[in-house]
Amino acid sequence: VQLQASGGGLVQAGGSLRLSCAASGRTFRSYTVGWFRQAPGKEREFVATIRRAGGSTSYADSVKGRFTISRDNAKNTVTLQMISLTPEDTAVYYCAADSSVIFSESTNPRAYEFWGQGTQVTVSS
């Protein structure tokens, strides 16, 4: 599967952005999809995931209540709606997908085989 992330940009603190991850392939519904982010000088970190089976979601504590992940399998798209953004949310955001990642590993970037190219999110204070 090929992934294309989009929707990043520059926004003021308190603002919102909507990221999209578009996937190729007819079996997209079989993939768990995660969003991760990487700030300069930091390791890539988990943001949110939506699982293939049942579409259950989980979030990093730092974004819980502010970010919402959703998927539209008919459109092969996963969306990350972000509100109340802070400068600490500044990073390159990546979407990732895998068909066999298990629940306990879905927050681990190493568990995902396929990655999009990343989209920059910059939040100014």
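Report follows, based on the coordinates. All figures in this text were calculated on a predicted structure; none of them were measured in a lab.

As for the packing of aromatic side chains
Then comes step 1: Considering all chains together, one arrives at six aromatic pairs under this definition.
Then comes step 2: Between Phe36 and Trp115, the aromatic rings sit 5.2 Å apart at their centres with planes inclined by 50°, giving tilted as the arrangement. On the criterion of sequence distance, the pair formed by Phe36 in strand β4 (residues 32-38) and Trp115 in strand β10 (residues 114-115) is long-range, its members being 79 residues apart.
Then comes step 3: Connected via pairs of aromatic rings, a cluster forms that spans Phe36, Phe46, Tyr94, Tyr112 and Trp115.
Then comes step 4: Positioned above the aromatic ring of Tyr94 is the side chain of Arg44, whose terminal nitrogen or guanidinium carbon lies 3.9 Å from the ring centre.
Then comes step 5: Over the aromatic face of Trp115 sits the side chain of Arg44, whose NZ or CZ is 4.8 Å from the ring centroid.

Quick look at the sheet that holds strand β1 (residues 3-6)
Then comes step 1: Read across the sheet, four strands follow the order β1-β3-β8-β7 without closing on themselves; strand pairing throughout is antiparallel. With partners counted over all chains shown, the strands left at the sheet margins are β1 and β7 (67-72), one partner each. Across the sheet, the mean angle from the axis of one strand to that of its neighbour is 15°, orientation sign disregarded.
Then comes step 2: Bridge count between strand β3 (residues 17-23) and strand β8 (residues 77-82): six bridges; the pairing is antiparallel. Residue pairing for β8: Ser20 is matched across the bridge by Thr79.

Section: the state of the cysteines
Then comes step 1: Per the counting criterion, the structure on display carries one disulfide.
Then comes step 2: The disulfide that involves Cys21 links it to Cys95, with 2.2 Å between the sulfurs. One disulfide, between Cys21 and Cys95, carries an S-S torsion of 75° and so falls in the right-handed class. Of this pair, Cys21 sits in strand β3 while Cys95 sits in strand β9 (residues 91-98); the two residues are 74 residues apart in sequence, bridging distant segments of the chain. Accessibility assignment for this pair places Cys21 and Cys95 in one class, buried.

Examining the pairing of strand β11 (residues 119-124)
Then comes step 1: Going residue by residue along β11, you find Thr119, Val121 and Val123 tucked away on one face and Gln120, Thr122 and Ser124 left uncovered on the opposite face.
Then comes step 2: Two strands pair when backbone bridges link them, and strand β2 (residues 9-12) and β11 are joined in this way by four bridges, in the parallel orientation. The partner of Gln12 across the bridge, within β11, is Ser124.
Then comes step 3: Of the pairings in the sheet, the one linking β9 to β11 comprises three bridges and is antiparallel in character.

Considerations on the pattern of salt bridges
Then comes step 1: Counted by the stated rule, this structure contains four salt bridges.
Then comes step 2: Close ionic contact of Arg37 with Glu45 constitutes a salt bridge, the shortest N to O distance being 2.6 Å.
Then comes step 3: Among the ionic pairs, Asp89 bridges to Arg66, the shortest N-O distance being 2.8 Å. Of this pair, Asp89 sits in the loop between β8 and β9 while Arg66 sits in the loop between β6 (57-59) and β7; the two residues are 23 residues apart in sequence, bridging distant segments of the chain.
Then comes step 4: Three or more residues joined by partner-sharing salt bridges are found here, namely Arg37, Glu45, Arg66 and Asp89.

Conventions and cut-offs
- Each chain carries its own residue numbering, running from 1 in the direction its sequence is written.
- In view of the model being predicted, local features appear only for residues whose pLDDT reaches at least 70, and side-chain atom pairs are presented and counted only at 80 or more, with totals across whole chains, interfaces and linings using the full set of residues.
- Excluded from the side-chain calculation are hydrogens and water; included are all heavy atoms of the structure.
- Each Phe, Tyr or Trp ring, with Trp reduced to its six-membered ring, pairs with another whose centre is within 6.5 Å; inter-plane angles below 30 degrees give stacked pairs, above 60 give edge-to-face pairs, and intermediate values give tilted ones.
- By the criteria applied, helices consist of DSSP H or I runs no shorter than four residues and strands consist of E runs no shorter than two, each listed in order from the N terminus.
- By the criterion adopted, a ring carries a charge over it if an Arg CZ or a Lys NZ lies within 6 Å of its centre and within 35 degrees of its normal.
- Two strands are counted as paired when DSSP detects at least two bridges linking them.
- Angles run from 0 to 180 degrees between N-to-C directions of axes, and those axes are lines fitted to C-alpha atoms, restricted for helices to the stretch in contact.
- Cysteine sulfur atoms are paired as a disulfide whenever they come within 2.5 Å of each other.
- Exposure is judged per residue with a 1.4 Å probe applied to protein chains only, and the accessible area is read against the type maximum: over 50% gives exposed, under 20% gives buried, and values in between give partly exposed.
- Criterion for a salt bridge: a side-chain nitrogen of Lys or Arg within 4 Å of a carboxyl oxygen of Asp or Glu.

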